[in-house]
Amino acid sequence: MRGICCLKPGLEGVSDNIRVASIVGRFLEHSRIYAFERGDEQSVWIGSADLMPRNLDTRVELMTRVREHALRDDLLDTLERCFGDDTNAWELDAHGTWRRRTPQGPEPRSVQRELMLGHAARAAETVSA
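Just so it is clear, the structure is predicted and the values come from calculations on it, not from any experiment.

Analysis parameters
Residues numbered from 1 in each chain as written. Predicted model: local features only at pLDDT ≥ 70, side-chain atom pairs only at ≥ 80, totals over all residues. Heavy atoms only, no water. Salt bridge = Lys/Arg side-chain N within 4 Å of Asp/Glu carboxyl O. Helix = DSSP H or I, 4+ residues; strand = E, 2+ residues; numbered from the N terminus. 1 Å grid on protein atoms, 1.4 Å probe; cavity = no way out; pocket = protein on both sides within 12 Å on 5 of 7 lines; lining within 4 Å. Points joined across faces, edges and corners; volume = space filled by probe spheres on them. Nonpolar A, V, L, I, M, F, W, Y, C, P; charged D, E, K, R; others polar. Core = buried A, V, L, I, M, F, W, Y, C linked by side-chain atoms within 4.5 Å. Buried < 20%, exposed > 50% of the residue type's maximum accessible area, 1.4 Å probe, protein only. Contact = heavy atoms within 4.5 Å. pLDDT = per-residue confidence, 0-100. Pairing = 2+ DSSP bridges. Axes fitted to C-alpha atoms, helices over the stretch in contact; angles between N-to-C directions.

### Quick notes on the pattern of salt bridges
Counted under the stated rule, the structure contains seven salt bridges. Residues Glu91 and Arg19 are paired through a salt bridge, measuring 3.8 Å at the closest nitrogen-oxygen approach. Taken together, the residues span a long stretch of sequence, with Glu91 in strand 5 (residues 89-92) and Arg19 in the segment before strand 1 (21-23) at a distance of 72 residues. Glu91 is paired through a salt bridge with Arg101; the nearest N and O atoms lie 2.8 Å apart. Of this pair, Glu91 sits in strand 5 while Arg101 sits in the loop between strand 6 (98-100) and helix 3 (111-128); the two residues are ten residues apart in sequence, bridging distant segments of the chain. Linked by salt bridges that have partners in common, Asp77, Arg81, Arg109 and Glu114 make up one network.

### Here's the deal with the layout of surface pockets
One number sums up the size of the second largest pocket: a volume of about 190 Å³. If you go around the second largest pocket, the residues you meet are Asp74, Asp77, Thr78, Arg81, Glu114, Leu115, Gly118, His119 and Arg122. Sorting the residues of the lining of the second largest pocket by element identifies helix 2 (69-84) and helix 3 as the ones contributing at least two each. Here the lining of the second largest pocket takes five residues from helix 3, the largest share from any one element. Among the residues forming the lining of the second largest pocket, the class breakdown is one nonpolar, three polar and five charged.

### Some thoughts on the nonpolar core
Residues Ile33, Val44, Val66, Leu75, Leu76 and Leu79 constitute the largest nonpolar core, which totals six residues. In terms of residue count, the dominant contributor to this core is helix 2 (three residues). Sequence-distant contacts of Leu75, that is, excluding residues within four places in its chain, are made with Ile33, Val44, Ile46 and Val66.

### Describing the confidence of the model for the protein
Considering every residue of the protein, the mean pLDDT works out to 85; 91% of them sit at 70 or more. Confidence scores differ between elements of the protein, with helix 1 (residues 53-56) showing the lowest mean pLDDT of 72 and strand 4 (residues 63-66) the highest of 94.

### A look at the sheet that holds strand 4
With antiparallel pairing, three strands are arranged side by side in an open sheet as 2-3-4. Two strands close off the open sheet at either side, each with one partner strand: strand 2 (33-38) and strand 4. Taking the axes of each pair of neighbouring strands and ignoring which way they run, one obtains an average angle of 25° across the sheet. Here strand 3 (residues 41-47) runs beside strand 4; their pairing, made up of four bridges, is antiparallel. Across the sheet, the residue bridging to Val44 is Val66, located in strand 4. Docked against the sheet, helix 2 engages strand 2, strand 3 and strand 4, running at close to 80° with respect to strand 3.

### A short note on the pairing of strand 2
Two elements, strand 2 and strand 3, share six bridges in a ladder whose sense is antiparallel. Across the sheet, Phe36 pairs through a bridge with Ser43, a residue of strand 3. Once strand 2 ends, the chain turns through two residues before running back antiparallel as strand 3, passing Gly39 with a positive phi of about 60°.

Written as structure tokens, this is what we have:
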């Protein structure tokens, strides 16, 4: 999530199973990954824009469901890394207050650093193949 968020996560019986995080780091680009679960059902979607009026009212934006298991797993891994980030992440509470996450372990986690390292390793494998 980036910018204004009207969602109030953590309201009992309404949105107690929803988390909102904002990660502001080196790159302004951000993932547009949406994951939904109900019981054993899970769906993962990707989109071309933030879901906000200026993007939805006067432009054509796309969202598509990701059905390929390997791609879906990769996107869910990215989301988990985002929720594990304690370097550049802020979390929205039920009162509408953003609170910066603080490092929990001996080594702070940064989703951007982890993804850059992972992609560099993939690129190295491709070059050597």
